[in-house]
Each structure stands twice: as structure tokens, then as C-alpha cells.
Amino acid sequence: MFDVIIIGAGVTGTAIARELSRYKLKVCLLEKEEESAFGVSKSNSGIIHPGTQNPPGSLKAKLCVQGNVLTRKIARELGVDFKETGELILAFSEEEIFRLHQLRDEAQTLKVPGVRMVDQIWLSQNEPNLSRNVLAALYAPTAGIISPYRWVYDLAEDALDNGVEIRTKSLVENITVGGREFTVATSSGEYKSRFLVNCAGLFADDISRMVGVDDFRIRPVKGEEFILDKKLENLTRHLIFPLPTKTTKGILVIKTADGNPMIGPTAQEVEDKTDLTTSNDGLQKVLAGAQKLVPGISGKDIIAYFAGLRPKAGDDFIIRREEKVPGFVNVAGIQSPGLTAAPAIALMVVGILKSCGLTLKEKLFFRSHRSKTTHLFSINFSQARKLIQENPAYGDIVCRCEMVSAQEIREAISRGAKTLDGIKFRTRCQAGRCHGSFCTTRAMKILSEERNIPLTEVTKRGIGSEIVKKDRDHD
Amino acid sequence: MAAALSAQENGVEDILILERDQFLGGILNQCVHTGFGLEYFKEVLTGPEYAERFIERIKAIPGIEVSLKTFVVSLSADKTLTFLKPGKLETVKAKALVMATGCREKTREMVHIPGTRPAGIFSAGLAQKLINIEGLLPGNKVVVVGSGDIGLIMARRFTLEGAKVQAVVEIQGTSRGLMRNLVQCVQDFDIPIYFNHKISAIFGRDRVEKVKVCKVGQNYCDVPGSEFELECDTLLISVGLIPENELIEMAGAQLDQKTNSPVAEGVNKTSIPGLFVCGNSYKVYDIADSVTRDSELCGKMAAEYLKELAGKNRGFGKK
Ligand SMILES: Cc1cc2nc3c(=O)[nH]c(=O)nc-3n(C[C@H](O)[C@H](O)[C@H](O)COP(=O)(O)OP(=O)(O)OC[C@H]3O[C@@H](n4cnc5c(N)ncnc54)[C@H](O)[C@@H]3O)c2cc1C
Ligand SMILES: Cc1cc2nc3c(=O)[nH]c(=O)nc-3n(C[C@H](O)[C@H](O)[C@H](O)COP(=O)(O)OP(=O)(O)OC[C@H]3O[C@@H](n4cnc5c(N)ncnc54)[C@H](O)[C@@H]3O)c2cc1C
């Protein structure tokens, strides 16, 4: 019997799990996929928004501003790189400048720090590759970037270190409510708890329906994103935005934690919650949108692409206790800026659980800090030399494009990577310009050795995505 | 290896070969099919046999030192290399440097195929490595994208392994590969080949399930109504090779934006004196014998450069 079960190990669920792990509670996190962060939280822009561009009075607006502050603090504790890049929202006409002033005033009401207008002279000095048609920009210095999956992994691992049980490959199929007890039936067995938190992302409406609350629908909005070669790392210094429309922030020129610039995302409503296809249409839209901001970008610079689905349920987040089902909390419709808001959502949800009767007694020893994972690509040669002398396996390079060693891959596996994608997200092995042509076989072998599974059971991202069909030597 | 041997024959005494793999021979090791050495050795050899000829000669020469599992990670304009190997990170400075780093395959991402991104999409070279070196069969129903030599050779390989090759789909009007490979690897096995066609979408969430193929007209535009689908669990990408020259680029040598080959006056040269490039990293060659000939010339060129340098610096020591 758990005190709290959380459904969904995306950024929302893992942030809540970590927050709850401060207290003397039995907490369980259930996830249908093979690893955490395999839902919406793996395919987004990775921006920690400053809090501009959200309607004042909305939940999104408030939690985004708080989330920006909390993300920095927790990222420092967990040793995850957060980089403050600042963002620029560009105006191409007098009318747009007027809109920027409105945005600035809204941001100031929301207490977004340091927001100010900058002129063409400032822009030509600080952002030389921008279009010459830009007349002015709104500068928000507190915008930043983070690796979304490494962020989720560290939140999850810290929660695990503090006693949370994480059950992956556990698809929630049915929930029964009896007295003050939830029985959650999953593909890996049954779990019981006194409180239940629904963070199931795109499927939060299905989960909510299972307990009898059926008053919202998740409508996915697809975003296609295109990653550029790392050689263009210094294309821009800031995150570059056009003026937002009512529904989206538009096509951006993004900096990422891995160094590659990225352009996108599109915004297109789709029916199918598993539709992660990219299209020619999306590519054309994104290229045109990005070139309007930074004309030097060309289609040739693209080395990879993906799509993500924003789990939208109306205009705002839905975060509430359900009076009809005491002990049940919905955390649904976590669209953008959900990545930013997650730590603030977590605090809010813990508050809601308390108001529902959950007793919060702080542990004497909460492990809030983690040591930073080592990546050869992020240290200099003299640091690398020392590391390799201490542990020779750091000198055993597996991925040639991104310089990832066998030791880093083994560490990723010991921290929870179970699939090739899991290794890729944690280490960047297979994420470079050759797309794994060189390192896939070696990464498969290490995974098979460390997890003690046959090579035919090594998958890209879980059951059904096996890499090879047959092993001649072990038939 | 050919460059090292030729440099040695032309008087260079002190030679170091750095190789990231645990064997010498490079891509030859995974080319277990025959067809190598027709011109150079006047014999029909497999890739590994071809490599072995050179390895034996290298081993017999004490002046050529070989360091395996040695991964070069940086190069500066003064020809200082930084490399990693298990337990070590070191630098070494060369008077003359020959880069023979080979090439890499273009990826699905570079040809922008829309659709999903499941397991089952391989570069043809990766599939070759999985089958020939690791003994692993990537899939049972295959579509080959592009008609490069490796793709054609792999169409035959998959067929011999008992898999069904559904088609080879080539966007251009003719094959990119050698005529003999087109005949011996595709036509002889009755594998359908579609010229002027492209893959317009990939389907399948976890693993490839099928692809959409369509005919292309002028400027590679889709011909409406020409689409059809092919079931498959595996997609092999064989759409060309790119010389691997990121290291010389790091050192400041100029590269051709389109081909990724070095730009300089003269074959095998770069814009940095004493820095030479040969084999597939200079330019993608069809057959290994051309690589060998090119590399022998390059080794000689490096030897001549050193002689000239020694002439200039006479009296400053001989190495
Ligand atoms: C293209 C794009 C760009 C974005 N850019 C940004 C940005 O720059 N900044 C920002 O702040 N936000 C951004 N967002 C929004 C952000 O990504 C999301 O708000 C956030 O990731 C949502 O996290 P989540 O944990 O709620 O959902 P998810 O990450 O989807 O987590 C839900 C989890 O629940 C699991 N699950 C579902 N059903 C079940 C079940 N029945 N049983 C068990 N488990 C189940 C899923 O597998 C999943 O892992 C972007 C979104 C998109 C699509
Ligand atoms: C997949 C494939 C199949 C082929 N099949 C045939 C065929 O059937 N018949 C035929 O005649 N030709 C074939 N070829 C043609 C090929 O041109 C020749 O076989 C030839 O072997 C290429 O030799 P190379 O030395 O230029 O490159 P490679 O053999 O690729 O050698 C490059 C070497 O450099 C090493 N290296 C690269 N970067 C670094 C670094 N940073 N640090 C340390 N070491 C590094 C690599 O590990 C590799 O060993 C094929 C080519 C390919 C790519």
C-alpha cells in the first residue's frame, strides 16, 4: 500500500515524485514506457521560459515565472546544466513594436525580471546574424536552456535515491476506487494507494475517465522541429522568437543544451495521440519561419528532425483536486510551458495533496544534491587526461561524432538506461552527424553485456523496437 | 597502410599509424565479398584478404609503428594531433601528416524522408557490419533506398541470408553504383529496381512497417497518382558517401562545401603545407585499388615534402 501513486514519468510526474520524496511517504511512480522521459518530455524545445507570452491571470503564467526560478535552483542541486541565454522577441513593423510594449507591460505585471526593449543598434552588436528588417526586440534575460531528458532523468534518479519506487513498463489499464483506496491495475500488476496523481500527459483524459471524471479532452497539437549541425553552434547568442499569436509562440531559432541550434516548432492540431511523423510541409514552414528571423539558415544545415505533441486541454493547465473522487488529483493539459513550470507544478500539487489530508513529515535526510555526470564532450583535454588516467575506459571511444566513451555508456546504463534511445539521450552516443552508423553495434554490445540480455533483445525504445531480428551465433 | 609503405620506400624512417579500431584495414574488414584487387594484385580477393596483404608488409617493417584503439580527437594547424586510447590522452606532433580517415555514409536525415522514426532504418554500411562482422540479421523484409554500391551489395547479402528484398528505389534515372554490382547483386536475384522513384514516407511506430514510394518527374517533384506502398521491416539507406574531414577542418584547412573534400592546388594536398589527405577522405573512390594507388602517390608526396624540409633546415638535426 502506497501513500501516493503518480501516473506518468514525464517532467511533471518526476518533478512531483522528487518533491514528495522529501517527506516520510511511500510513493510509487508508474510509467507505461521502458524508461522515463519517453513521452512529451523528450520532444520539445528545451527552453526554460522567462514567463513572457502567457496571458496574465492564467495558471500557466504564474507557474512559468515560478518554474524558471525553481528550475535553476534544482538544476544546480542535481548537477544538470542550465544555461541562461536570454531571449529576444522580434518586431518587424511599428505595429509589432506596439505589441512588444504590451508584452513588456504584461511581463512586468507578472514580475518577469529584467525585461526591456532593445533597439537596432543593440541588436546589430549583440545578435549580428538577425534579419536586417528587424526594427526592435523585447529582451528577456532570464530565458534559458536545459537538456529536457537529462533533466527528467536526474529528477527521477534523485526521487529514486530518496526512496520513490519507479515502475516502468507499467501501463495503467484500470482504476477502482473503494473507500479511501485506489487500486491501479497495470500491465505489470496491481498497485494500491491512498492518493492518486494523474500526470499521464497525452493520455491524462483516459486516466481521469477511469475514476469517473470525464469533463476534458486532450487535443494534441503537433510540433515539428529540425536540428542543425553543431558547426552552427554560434549562429545566435539568444533564443530568437517572432511575436506570438493567440495560440502559439511561433517558429523559433533555438539554442540547445547539446550545442546544435534547432528551428521550429510548427503547431498543428492532430487526432492521433501517437502521430509523431514529420512532413515536407512542416519542413517548408519551419524553414520559411526561421529564415525570416535569421536569413542565413539553409535546409542543408539540417542533420536531424523530430515531432512532439503538446497535450492541450483548452487554453490553460488543469491542476486540481476532484471533489467527486477524494484523494485524486488531475495534472492535465500540461502544454507549453510545461517543461519550465514543472517544479512549480510540483509544489502546487504537494499543497493540494496536503489540503486533501496527506500528512507531510519531512525526512531528516533528504538527498537533494547529486554529483554531476561526466561527459567527455563538455570538459577540456587536461580534465579528460586526468579522468582517463584514473579510469582507462574513459579513453575507449564508442561514438566518434560526439566523443562518448564506453565508460559513459556503462554509467548511463547503471543509472537506468535500458534502451539505445535511453543511452542516446543521456550521453549523445548516436546523436551526431553519422546517426549511429559507427557506434550502434558497440553500444548494443555494451547494453547486452551490462543488462545480461541477448543482442536480439536490445531495443531502440522498448519492446517492438528491437534492432536486429536474428543472431546467427546464438540460435 | 599504402601511404605508410610508400613513404617508407621513399626514405621516411620514422612513421606512426594511428587507428581507432582494434584492427588495421578499415572498411575492408566488413567487405567479406570478393572483387577486390583485380587491378593491383591481378587476383580476386575478399576485403579482409586484401587488407591482410598490407598488414603483413606493415608488420615486417620496424620503422612503422602502429597504435590501435587510438582515437584522434583534435588536430591543429602545426600538425599536432591529440588522441585518446584506453588509459591515455596524448599529443604527438608530425612533420608531415597523411590523413586517411575514410568516409561516412549519408543518412536518412540528409535526404529528408518524412514519416516516423522507428527502429529498422540502417545505413547500408551499418547493416553490412551487423551481418558480416557481428553475425546479426537486421531484418526480414527489406527496401533499399538509393543504388550505391554498398546498398546493391547488401541487397544480395540479405537475399542470401534468407531475407526478402522488396525493391531498390533510386531517385535518379541510372544507378549510382558499378554496373557489375547492378547485374550481379540485383538483376541476377530478380530484385525489382525503381529508377526515378523516391520514398515519400516511412510508417511504423516502434519498427518500420511499410514505406510509400512515388515516381518523380522534373526537379525530383512527385508525380501525382504514382504512389504505391511496400511492406518492409527494414530500410537500408545507400544514398552516397561523404569524405570524413572534420579533423583537417578543425586545423583550419579549407573544405569544399559541397563534397567535403579539401580545397588546394594539387591532388592529395590541403591548404596547410605538409598536411596531406588520401583515399576515401580525399575523394570517394569506387574501388579499393584506386584508393591504394592514390595513397601510394600521397605517401611519396609526403616523403618528398620531408626531403625538401630537411634541405631547408640542413644543420638542424635529421629527423
Ligand atoms: C514541440 C514542443 C515544444 C515544446 N517546447 C517547450 C519549451 O521549450 N519549454 C517548455 O517549458 N515547454 C515546452 N513544451 C511543453 C512540454 O514539453 C510539456 O509541457 C511537458 O513535457 C509535459 O510533461 P508531462 O510530464 O506532463 O507529459 P509527458 O512527458 O508526456 O509524461 C506523461 C507520461 O505518462 C505516461 N503515460 C501515459 N499514459 C499512461 C498510462 N496509461 N499508464 C502509465 N503511464 C502512462 C507517458 O508514457 C508519459 O511518459 C513543448 C512541447 C512540444 C510538443
Ligand atoms: C561500406 C563500403 C563498402 C565497400 N565495398 C567495396 C567493394 O566491394 N569493392 C571495392 O573495390 N571497394 C569497395 N569500397 C570502396 C573503398 O573505397 C575501399 O574499400 C577502401 O578500403 C577505402 O579505404 P580508405 O583507407 O580510404 O578508408 P577506410 O577503409 O574507411 O579507412 C579509414 C580508417 O581511418 C580510421 N579513422 C578515421 N578517423 C579516425 C580518427 N579520428 N582517429 C583514428 N582513426 C581514424 C578508420 O577507423 C579507418 O580504419 C567500399 C567502401 C565502403 C565504405
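Residues numbered from 1 in each chain as written. Chains lettered and ligands numbered in written order. Predicted model: local features only at pLDDT ≥ 70, side-chain atom pairs only at ≥ 80, totals over all residues. Heavy atoms only, no water.

The secondary structure content of chain A amounts to twelve helices and 23 strands. For chain A, whose C-alpha radius of gyration is 22 Å, the value lies close to the compact-globule estimate of 23 Å for 475 residues. Averaging the positions of the 66 positive and the 58 negative side-chain charges in chain A gives two centres separated by 3 Å. (Helix = DSSP H or I, 4+ residues; strand = E, 2+ residues; numbered from the N terminus. Rg over C-alpha atoms; globule rule 2.2 N^0.38 Å. Lys, Arg positive; Asp, Glu negative; His and termini not counted. Charge placed at Lys NZ, Arg CZ, Asp CG, Glu CD.)

Residues and elements named next belong to chain B. Here chain B is partitioned into domain 1 (2-104 + 241-316) and domain 2 (107-237). A straight line from the C-alpha centre of domain 1 to that of domain 2 covers 32 Å. At the interface, eleven residues of domain 1 touch twelve residues of domain 2. There are three residue pairs in polar contact (both at pLDDT 80 or more) connecting domain 1 and domain 2. Of the residues assigned to the side of domain 1 that touches domain 2, the class counts are six nonpolar, four polar and one charged. (Domains from an automatic or database assignment. Contact = heavy atoms within 4.5 Å. Polar contact = N/O pair within 3.5 Å; in protein donor to acceptor, adjacent residues only side chain to side chain. Nonpolar A, V, L, I, M, F, W, Y, C, P; charged D, E, K, R; others polar.)

Residues and elements named next belong to chain A. In the neighbourhood of ligand 1, 40 residues make up the surrounding shell, with Thr12, Glu31, Ser41, Ile334 and Thr340 lying closest. In the environment of ligand 1, an oxygen atom lies 2.5 Å from a nitrogen or oxygen atom belonging to the side chain of Ser41. Between ligand 1 and Leu339, the relevant distance is 3.1 Å, taken from an oxygen atom to a main-chain nitrogen or oxygen of the residue. Considering ligand 1 on its own, with 1,000 Å² of exposed area, one finds that the protein chains cover 97% of that surface. Broken down by secondary-structure element, the contributors of at least two residues to the shell around ligand 1 are helix 1 (11-20), strand 13 (219-228), strand 18 (302-312) and helix 8 (338-355). Here the residues of the shell around ligand 1 sort into 17 nonpolar, 18 polar and five charged. Formed jointly, the shell around ligand 1 draws a minimum of three residues from each of two domains, domain 1 (1-82 + 146-218 + 313-372) and domain 2 (83-145 + 219-312). (Near = heavy atom within 4 Å. Areas by Shrake-Rupley, 256 points an atom, 1.4 Å probe, with all protein chains shown as cover.)

Further remarks concern the confidence of the model for chain B. In the predicted model, chain B carries a mean pLDDT of 94, and 98% of its residues have values of at least 70. Scoring the predicted complex yields pTM 0.94 and, for the interface, ipTM 0.91. (pLDDT = per-residue confidence, 0-100.)

Right, let's get into the sheet that holds strand 5 (residues 71-75) of chain B. All names here are of chain B. If you trace the three strands from one edge of the open sheet to the other, you get 5-6-7, paired in antiparallel fashion. The outermost strands of the open sheet, each flanked by one partner alone, are strand 5 and strand 7 (88-93). In this sheet, adjacent strand axes meet at a mean angle of 25° when their direction is disregarded. Where strand 5 lies against strand 6 (residues 80-85), four bridges are found, and the strand directions are antiparallel. (Pairing = 2+ DSSP bridges. Axes fitted to C-alpha atoms, helices over the stretch in contact; angles between N-to-C directions.)

Attention shifts here to the pairing of strand 12 (residues 141-145) of chain B. Successive residues of a regular strand alternate their side chains across the two faces of the sheet. All names here are of chain B. Of all the five residues making up strand 12, four are buried; the element is thus mostly covered by neighbouring parts of the structure. For the crossover that starts at strand 12, traverses helix 4 (residues 149-160) and ends in the parallel strand 13 (residues 164-169), the hand is right-handed. As paired strands, strand 12 and strand 18 (residues 234-237) are joined by four bridges and run parallel to one another. Within strand 18, the position partnered with Val143 by the bridge is Leu235. (Buried < 20%, exposed > 50% of the residue type's maximum accessible area, 1.4 Å probe, protein only. Right-handed = clockwise from strand over helix to strand, strands pointing away.)

Here we come to the site of ligand 2. Residues and elements named next belong to chain B. Near ligand 2, the surroundings consist of 26 residues, among which Glu19, Ile27, His33, Phe36 and Asn280 are the closest. With respect to ligand 2, the backbone of Val72 contributes an N or O atom lying 3.0 Å from a nitrogen atom. Within the contact set of ligand 2, an oxygen atom lies 3.3 Å away from a backbone nitrogen or oxygen of Ala100. Here ligand 2, which alone exposes 990 Å², has 89% of that area covered by the protein.

A few words on unusual backbone geometry. Residues and elements named next belong to chain A. With an omega of -5°, the peptide bond running from Gly264 to Pro265 counts as cis. Relative to the helices and strands, Pro265 resides in the loop between strand 16 (261-264) and strand 17 (268-269). A cis amide bond links Ser336 to the next residue, Pro337, at an omega of 5°. Tracing the chain through its elements places Pro337 in the loop between strand 20 (328-332) and helix 8. Despite not being glycine, Gln430 shows a phi value in the positive range, around 85°. Tracing the chain through its elements places Gln430 in the loop between helix 11 (420-427) and helix 12 (440-451).

Listed as interface residues are 47 residues of chain B and, on the opposing side, 53 residues of chain A. Between chain B and chain A, the buried area comes to about 4,200 Å², and carbon and sulfur atoms account for 56% of it. Interface area lost by chain B to chain A is led by Leu89, His112 and Arg117 of chain B, which between them contribute 16%. The interface formed by chain B and chain A contains six salt bridges. Salt-bridge contacts for Lys231 of chain A lead to Glu249 of chain B; the nearest nitrogen and oxygen are separated by 3.5 Å. Here chain B and chain A share 20 residue pairs in polar contact (both at pLDDT 80 or more) between them. Put simply, the parts of the chain that give the side of chain B that touches chain A at least two residues each are strand 5, strand 6, strand 7, strand 9 (103-105), strand 10 (121-123), helix 3 (124-132), strand 11 (136-137) and helix 6 (246-250) of chain B. No other element matches helix 3 of chain B, which puts four residues into the side of chain B that touches chain A. (Buried area = accessible area lost by both parts, 1.4 Å probe. Salt bridge = Lys/Arg side-chain N within 4 Å of Asp/Glu carboxyl O.)

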